[in-house]
Amino acid sequence: MRIELSSGMTSSSSSSASSFFARFWSSALRSKPLSPAVETSVHTSSGDGLVRRLGLFDLILLGIGASIGAGIFVVTGTVARDAGPAVTISFIIAGASCVLNALCYAELASRFPAVVGGAYLYTYSAFNELTAFLVFAQLMLDYHISAASIARSLASYVVTVLELIPFLKDNIPSWVGHGEEVLGALSINILAPILLVLLTVVLCRGVGESSIVNSIMTVTKVLIVLFVIIVGAFEVDISNWTPFAPHGLNSILTGATVVFFSYVGFDAVANSAEESKRPQPPGLCCIVHWGLLSDYWNGSIPISWRRCTFGPSFHLEGLKYVSVLISFGAVAGLTTTLLVGLYVQSRLYLGLGRDGLLPAIFAKVHPMRHTPLHSQVWVGLIASILAGLLNVRVLSHILSVGTLTGYSVVSACVVTLRWKDKTSSQASTRSISRRGEGIICLFTIACCGFAAGVLFRYGASFVFLILAAVIAMFSAGALYLRQVYTDPPGFSCPGVPIIPSVSIFFNIFLFAQLHYEAWVRFIVLSIVTVGVYAFYGQYHADPLGSNASIVYHRAPAEEAP
């Protein structure tokens, strides 16, 4: 009797486990239907939704506001410690990679309905639900850490500006704005959370109000940046460019991965599509600013001073008025970068709340302000805790992981969505076979990029690097010859599948240059994300979006540009 009972229990648990995994894989492989790229309006179950208030000029300033800020006022000095004057090359390498990514983003932005989601939404339609959730988690951690890091830098610059007042100079405790380390891992900063709360309040009031703040601050910082470029041109000492790359090519590539998270302007624009009057494909216009500034800064500042950020460096050079101006520009620049970063995070949470992968509270939109208040408060709270308590300099080592992997997946989305247009009329078995073959090619390109990056990082023979590159080229050739592609309506990324393949290889090559902590973070977060999906997401997700109905309608002809 006991044996029969034990056997029955074993059979029952085995059946339960089998049922769980069957449901898991069935849910994980679901995808979101791709709807036509026409103008949309989104309504939640309560009838409230986001409103279209952002014009083309607002979107341009939104992208610039996200891009010109941390890259100039925070990252340049950090990267120059190792890369030296070659930090300029680091920015150019990261920028070149992002130009390829921007082309892919532009096609998908014109191809998809104008709703929030960005890389997460593209992945959900091109691949599957679990991959989309993984992309969201990796990107979101990047956003959370960068928001905390930028908030602390902003607090430090605000204190610098306040110390221009004579009676405050040297009288502000370090724990107020610069940070005071406690027990090594902790670093107390009071001002950073306060600034985050203020910006969260601005964003909660509405996209129109936050857009006005962003526009004013962005114009201010661009003018200051142009002024610094002009002044720096007359202060360049060519001897400061020697040695140009004191620690070799490895430090340049590592620097490129660190500055990569600065190039997120087009991702911000993509996530603002639902609030845009006339959604436009995102673009890049900031690489020249970064290149010139880093060039002039390294040419103006002796190598022994390059541990400083821009303001203190020019002060040491005797250009005190430029240092003061840079401090004001930094406050404006970091404010807009932080503002846009918090904005994008809340819209991503809104998208997942609508799809059921996160609790429905994140999908709620305020009926009067037309902003996702709960999502906005949540991202502000997370950033405030990180900025107020943790040593974000340590956390900055794991930055760019989500950005690099997310952008690689976006590039792959361009390729796979082109297949869907062509294979839908073919026999199902052949369609699956072709698709599987193509995904294997894309995965091979990514693996070759990582292998080449690791081999280069650890000084392996160039023969092995060339071998990895050749395998990637054969895979890209197979994609080109074995698949059939159709140009999508709207903007079309040129050179598909070659340009997306190069983008994937380049992104993953840079990924291999990250600190080893970043690799650990990628693996650990992926495991945690799969666990969250297994025990919550798969049971609540709704790819058809019943949590928010999407109404598609053509824009009137007279409104077309």
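Rules used in this analysis
- Residues numbered from 1 in each chain as written.
- Predicted model: local features only at pLDDT ≥ 70, side-chain atom pairs only at ≥ 80, totals over all residues.
- Heavy atoms only, no water.
- UniProt positions renumbered as here; feature names shortened; annotations may be inferred.
- Helix = DSSP H or I, 4+ residues; strand = E, 2+ residues; numbered from the N terminus.
- Buried < 20%, exposed > 50% of the residue type's maximum accessible area, 1.4 Å probe, protein only.
- Contact = heavy atoms within 4.5 Å.
- Areas by Shrake-Rupley, 256 points an atom, 1.4 Å probe, with all protein chains shown as cover.
- Salt bridge = Lys/Arg side-chain N within 4 Å of Asp/Glu carboxyl O.
- Core = buried A, V, L, I, M, F, W, Y, C linked by side-chain atoms within 4.5 Å.
- Disulfide = S-S within 2.5 Å.
- Expected span 1.5 Å × (residues − 1).
- Bend = angle between axes of the 7 residues up to and from the residue.
- Patch = residues over 30% accessible without salt bridge, like charges linked within 9 Å, V, L, I, M, F, W, Y side chains within 5 Å.
- Polar contact = N/O pair within 3.5 Å; in protein donor to acceptor, adjacent residues only side chain to side chain.
- Axes fitted to C-alpha atoms, helices over the stretch in contact; angles between N-to-C directions.
- Parallel < 35°, antiparallel > 145°, perpendicular 65-115°, else oblique.
- Left-handed = near helix turned anticlockwise from the far one by under 90°.
- Nonpolar A, V, L, I, M, F, W, Y, C, P; charged D, E, K, R; others polar.
- Phe/Tyr/Trp six-rings, centres within 6.5 Å; stacked < 30°, edge-to-face > 60°.

With an unreviewed UniProt entry as reference, the protein is termed Cationic amino acid transporter 9, chloroplastic, source organism Sesamum radiatum. For the protein, the Sequence similarities (unreviewed entry) comment in UniProt is given as "Belongs to the amino acid-polyamine-organocation (APC) superfamily. Cationic amino acid transporter (CAT) (TC 2.A.3.3) family." Check the Subcellular location (unreviewed entry) section of the UniProt entry for the protein; it says "Membrane".

### Topic: the overall build of the protein
Along its length, the protein carries 21 helices and 4 strands. For the protein, the residues scored as buried account for 54% of the 561 residues in total. The contacts in the protein between residues at least 6 apart in sequence include a share of 84% that link residues at least 24 apart. When the accessible surface of the protein is totalled, it reaches about 23,700 Å², and 70% of it is carbon and sulfur.

### A closer look at the pattern of salt bridges
Evaluation of the coordinates by the stated rule reveals 8 salt bridges. Here Lys32 and Asp355 are joined by a salt bridge, their closest N and O atoms 2.8 Å apart. Residue Lys32 is found in the loop between α1 (2-28) and β1 (40-44), and its partner Asp355 is found in helix α14 (residues 320-355); the two are separated by 323 residues along the sequence. Take Lys32 and Asp355: they sit in the same class, and that class is buried. Overlapping salt bridges, with partners in common, bring together Glu107, Arg418 and Asp487 in one network.

### Remarks on the environment of Val207
Within the fold, Val207 resides in helix α9 (residues 207-233). Considering only alpha carbons, one finds Val207 and Glu275, 68 residues apart in sequence, at a separation of 8.1 Å.

### A few points about the nonpolar core
In terms of nonpolar packing, the biggest core is built from 62 residues, with Leu108 and Tyr122 touching the most fellow members. By residue number, the principal contributor to this core is helix α17 (residues 401-423), which donates 11 residues. Not counting the four nearest positions on each side in its chain, Leu108 is found in contact with Tyr122, Val410, Cys413, Val414 and Leu417. With 56 residues, the next largest nonpolar core counts Ala28, Val207, Val331 and Ala383 among its residues.

### Overview of the state of the cysteines
Evaluated as defined, the whole model comprises 0 disulfides. Cys104 provides the cysteine sulfur closest to Cys493, a residue in no disulfide bond, and the two sulfurs are 4.4 Å apart.

### Describing helix α10 (residues 248-259)
Between the first and last C-alpha of α10 there are 17 Å, a value that for 12 residues agrees with the 16 Å anticipated at 1.5 Å per step. Looking only at α10, the buried set comprises Ser251, Ile252, Leu253, Gly255, Ala256, Thr257 and Val259.

### Focus: helix α21 (residues 516-540)
Given a rise of 1.5 Å per residue, 25 residues ought to cover 36 Å, and the 35 Å separating the end C-alpha atoms of α21 matches this to within 8%. Maximum bend of α21: about 50 degrees, positioned at Tyr533. The set of residues buried in α21 consists of Ala518, Trp519, Arg521, Leu525, Ser526, Thr529, Tyr533, Ala534, Gly537 and Gln538.

### Topic: a nonpolar patch on the surface
Where nonpolar side chains cluster on the molecular surface, the patch consists of Val182, Leu183, Leu186, Trp378, Leu381, Ile385 and Leu389 and spans about 640 Å² of accessible area. Tallying contributions element by element places helix α15 (residues 373-389) first for the nonpolar patch, with 4 residues. One can find Leu183 in the loop between β2 (180-182) and β3 (186-188). Given a relative accessible area of 79%, Leu183 falls into the exposed group.

### A look at unusual backbone geometry
For residues besides glycine, phi is generally negative; the peptide bonds are generally trans as well. A cis amide bond, omega 10 degrees, links Val496 with the succeeding residue Pro497. With respect to the secondary-structure elements, Pro497 resides in the loop between α19 (462-482) and α20 (498-511). Of note, Asp170 is a non-glycine position whose phi angle comes to about 65 degrees, a positive value. Position of Asp170 among the secondary structure elements: in the loop between α6 (129-162) and α7 (174-177). Here Asp170 falls in the exposed class, since its relative accessible area comes to 64%. For His370, which is not glycine, the phi torsion reads 55 degrees and is therefore positive.

### Concerning the side chain of Thr371
As for its position among the elements, Thr371 is in the loop between α14 and α15. Among the polar contacts listed, one links the side chain of Thr371 to the backbone oxygen of Cys204, at a separation of 3.2 Å. Residues in contact with Thr371, not counting those within four places in the same chain, are Leu50, Leu203, Cys204, Gly206, Val207, Arg347, Lys364, Val365 and His366.

### A short note on the packing of helix α4 (residues 87-111) against α20
Any two packed helices are characterised by how steeply their axes cross, that is the angle between the axes, and by the distance between the axes. At a minimum axis separation of 9 Å, α4 and α20 run at an interaxial angle of 140 degrees. What the angle tells us is that α4 and α20 run oblique. With respect to the hand of their crossing, α4 and α20 are arranged in left-handed fashion. Contacts between α4 and α20 involve Ile93, Ala96, Ser97, Leu100, Asn101, Leu103 and Cys104 from the first element and Ile499, Pro500, Val502, Ser503, Phe506, Asn507 and Leu510 from the second. Here the residues of the contact of α4 with α20 sort into 10 nonpolar, 4 polar and no charged.

### Some remarks on the packing of aromatic side chains
Each aromatic ring pair is specified by the distance between its two centres and by the angle formed by the two planes. Counted under the stated rule, the structure contains 17 aromatic pairs. Relative to Tyr122, the ring of Tyr105 has its centre 6.0 Å away and its plane inclined at 70 degrees; by these criteria the two rings are edge-to-face. Of this pair, Tyr105 sits in helix α4 while Tyr122 sits in helix α5 (residues 119-126), placing them 17 residues apart in sequence. An identical accessibility class is assigned to Tyr105 and Tyr122; each is buried. Joined through ring pairs, the aromatic side chains of Phe24, Trp25, Phe133, Phe136, Tyr349, Phe362, Trp378 and Tyr533 make up one cluster.

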